[in-house]
Amino acid sequence: TATVNEQDDLAIGGCDVTTLVEQFGSPLYILDEDTLRTNCRLYREALQEYYPGSSQVLYASKAWSCLAVCAIAKSEGLGIDVVSGGELYTALQAGVSPDKIYFHGNNKSKAELELAIANECTIVVDNWLEIETLAQISGTKTTKVMLRVTPGIECHTHEYIRTGHLDSKFGFDPNQLDAVFSFVSQQPNLNCLGLHAHIGSQIFERQPHQDLGPVMVDWLGKASSYGLEISELNIGGGLGICYTQADDPPSIQEWVKGAATAVVNACQSQGISLPKLLCEPGRSLIGSACVTAYTVGSTKVVPEIRTYIAVDGGMSDNPRPITYQSQYRALIANKMSAPHSETVTIAGKHCESGDILIKDIQLPQIVAGDTLVVMATGAYNYSMASNYNRLPRPAAVLVKNGEANLILQRETYTDLLRQDLLPQRLNEVR
Ligand code: LLP
């Protein structure tokens, strides 16, 4: 929840953003607890409203995995979708119950699978090698699995974040389903709970998820002919959010209504009893809940062409513009009522011309020391952050009711060198 306070400053969660920057430094990720919690509840309540069977929302922690975020998702009753041993470890350390942890990934290592088996998490199996490995290494333990299948559904989003089309690296090809069901049904130590599909990310259309329901319910029918009692359907995530005014995604309620109704209708028409319905949003839970605050530094005016305003971060804390040409909105936190009189380009501080956070944005007149805030940076910013140019990763604070708690410490130069080793013969010449 963003407001403007008496100092004409931007406040998030009741905390003055410029004061937060004085206190915690910049760049700073500022995560608004209420927004995250509200989004969790909207999903949960919409499923209760539009899906008569049982349901479970999972938070796709690839969007932002850390202890505090997992703990909030957990306290809102959500499970966690993890895609690596690291995310799995984080969810476990945050106290998430293993039966609410679902482990994805198209090339999980044996060690990662063993970690998931030892903790009795559900493994979303992606491919043949994995299912054979699981049958082998589960031994006498029964491992809960789901099968990820490529649904063959196209959607309009950036090419890099489309996953539903047949030419995707993820999941079993639907043509292989007979062989997969037959194999799984013969493994006494694999308990096949359900089926999973994910179409893509930052999707504004409702149609793809409405098309997904009948496709998946068909698969359910097929599974039962192999004697598999499949009780869960996971329809993935993918609902888009508003980064700029041009973005117009459906609401969480509308999205859930469309996707859930499609499953209900397909089950009714095929006489199949309702499975437990899972979905696993990431971006639409956390994207709008965070802003990144930067301190403005140098300015370069290229006469008649462009004014560059440089901030103290960039592609290392938000790699989305350079990776996907993503667009963002920004504000000057200490000049909230000033007229937006200038057109400027917000540049990062990295040694790369492409390190531009926002091209041609209207903002108030800016001077060095101003606090520039980029909005809606909760998803795939911290989680994709790097140390490029050896920039320490920013701190993150969780804000609520005027209180700010540090949830990620700012990295230090010592942190940067933590993994560095100098062989003795090089040390001698130092
Ligand atoms: N489930 C699966 C299997 C996924 O692969 C993903 C996202 C999600 C759920 C969550 O999707 P969401 O609700 O967040 O759209 N780095 C890119 C996004 C990559 C998405 C990868 N998979 C970006 O910054 O736009």
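Under the annotation held in an unreviewed UniProt entry, the protein carries the name Diaminopimelate decarboxylase and is attributed to Merismopedia glauca CCAP 1448/3. Per UniProt, the protein carries the Cofactor (unreviewed entry) text "pyridoxal 5'-phosphate". Note on the protein: under the UniProt heading Catalytic activity (unreviewed entry), the record states "meso-2,6-diaminopimelate + H(+) = L-lysine + CO2".

Caption draft 1: Structural detail: the overall build of the protein. Looking only at helices and strands, the protein has 13 helices and 20 strands in total. Relative to the compact-globule value of 22 Å for 430 residues, the protein shows a C-alpha radius of gyration of 23 Å, a close match. Referenced to the eigenvectors of the C-alpha coordinate spread, the extents of the protein come out at roughly 70 × 60 × 40 Å. By the burial criterion, 48% of the 430 residues in the protein qualify as buried.

Caption draft 2: Up close: the UniProt feature "binding site: substrate" (unreviewed entry) in the protein. Taken from the UniProt record, the annotation "binding site: substrate" (unreviewed entry) applies to Arg283, Arg320, Tyr324, Glu352 and Tyr380. On the basis of their most widely separated C-alpha atoms, the annotated residues across 98 residues do not gather in one place, lying as much as 27.0 Å apart. Examined against the element boundaries, Arg283 turns out to sit in helix 10 (residues 283-286). Apart from the residues within four sequence positions on either side, Arg283 is in contact with Ala63, Ser201, Gln202, Ile241 and Ala379. Following the sequence through the fold, Tyr380 ends up in the loop between strand 18 (371-374) and strand 19 (395-400).

Caption draft 3: Structural view of the site of the ligand. Taken together, the neighbourhood of the ligand is formed by 23 residues, with Ser201, Gly237, Gly282, Arg283 and Tyr380 sitting nearest. Broken down by secondary-structure element, the contributors of at least two residues to the shell around the ligand are helix 10 and helix 11 (320-324). For the shell around the ligand, the domains that each give at least three residues are domain 1 (2-31 + 287-417) and domain 2 (33-286).

Caption draft 4: The arrangement of the sheet that holds strand 3 (residues 15-16) in detail. Ordered by their spatial adjacency, three strands build an open sheet running 1-2-3, and the pairing between neighbours is antiparallel. The sheet terminates laterally at strand 1 (2-4) and strand 3, the two strands that pair on one side only. Note: strand 1 against strand 2 (residues 10-12), three bridges, orientation antiparallel. Counted as the bridge partner of Thr3 is Ala11 from strand 2.

Caption draft 5: Inspection of the UniProt feature "active site" (unreviewed entry) in the protein at higher detail. Mapped onto this numbering, the UniProt entry annotates "active site" (unreviewed entry) at Cys351. Position of Cys351 among the secondary structure elements: in the loop between strand 16 (342-347) and strand 17 (356-363).

Caption draft 6: Representation of the environment of Leu190. Locating Leu190 in the fold gives a position in strand 10 (residues 190-196). The exposure class assigned to Leu190 is buried, which follows from the 20 C-beta atoms found within 10 Å. Taking the C-alpha atoms as reference, Leu190 lies 53 Å from Thr295; in sequence the two are 105 residues apart. Apart from residues no more than four positions distant in its own chain, Leu190 is found in contact with Leu134, Ala135, Ser138, Thr143, Val145 and Val184.

Caption draft 7: Spotlight on helix 5 (residues 110-118). Of the residues making up helix 5, those classed as buried are Glu112, Leu113, Ala116 and Ile117. Across the axial projection of helix 5, the buried residues extend over an arc of 135°, all falling on one side. With respect to the buried face of helix 5, the exposed residues turned more than 90 degrees away are Lys110, Ala111 and Ala118. On the buried face of helix 5, the contacting elements are helix 4 (85-93), strand 7 (101-103), strand 8 (122-125), helix 6 (128-137) and strand 9 (143-148). Where helix 5 terminates, the next one or two residues include Glu120, which has phi positive at roughly 60°.

Caption draft 8: Examining the sheet that holds strand 11 (residues 232-234) more closely. Read around the barrel, eight strands follow the order 5-6-7-8-9-10-11-12 and close on themselves; strand pairing throughout is parallel. Neighbour-to-neighbour, the strand axes of this sheet turn through a mean angle of 30°, independent of strand direction. Judged from the three bridges that link them, strand 8 and strand 9 form a sheet pairing that is parallel. Counterpart to Val124 in the pairing with strand 9 is Met146.

Caption draft 9: Focus on the environment of Asp211. Assignment of secondary structure puts Asp211 in helix 8 (residues 207-224). Sequence-wise, Asp211 and Pro151 are 60 residues apart; in three dimensions their C-alpha atoms are separated by 9.6 Å.

Caption draft 10: Expanded view of helix 6. What helix 6 keeps buried is the set Glu130, Ile131 and Leu134. Seen end-on, helix 6 carries its buried residues on one side only, within an arc spanning 95°. Among the exposed residues of helix 6, those oriented more than 90 degrees off its buried face are Leu129 and Gln136. In the core, the buried residues of helix 6 are packed alongside helix 5, strand 8, strand 9, helix 7 (177-185) and strand 10.

Basis of the calculations
Residues numbered from 1 in each chain as written. Predicted model: local features only at pLDDT ≥ 70, side-chain atom pairs only at ≥ 80, totals over all residues. UniProt positions renumbered as here; feature names shortened; annotations may be inferred. Helix = DSSP H or I, 4+ residues; strand = E, 2+ residues; numbered from the N terminus. Rg over C-alpha atoms; globule rule 2.2 N^0.38 Å. Buried ≥ 20, exposed ≤ 12 C-beta atoms within 10 Å, placed from the backbone. Contact = placed C-beta atoms within 7 Å. Near = placed C-beta within 6 Å. Domains from an automatic or database assignment. Pairing = 2+ DSSP bridges. Arc of directions from axis to C-beta. Axes fitted to C-alpha atoms, helices over the stretch in contact; angles between N-to-C directions.

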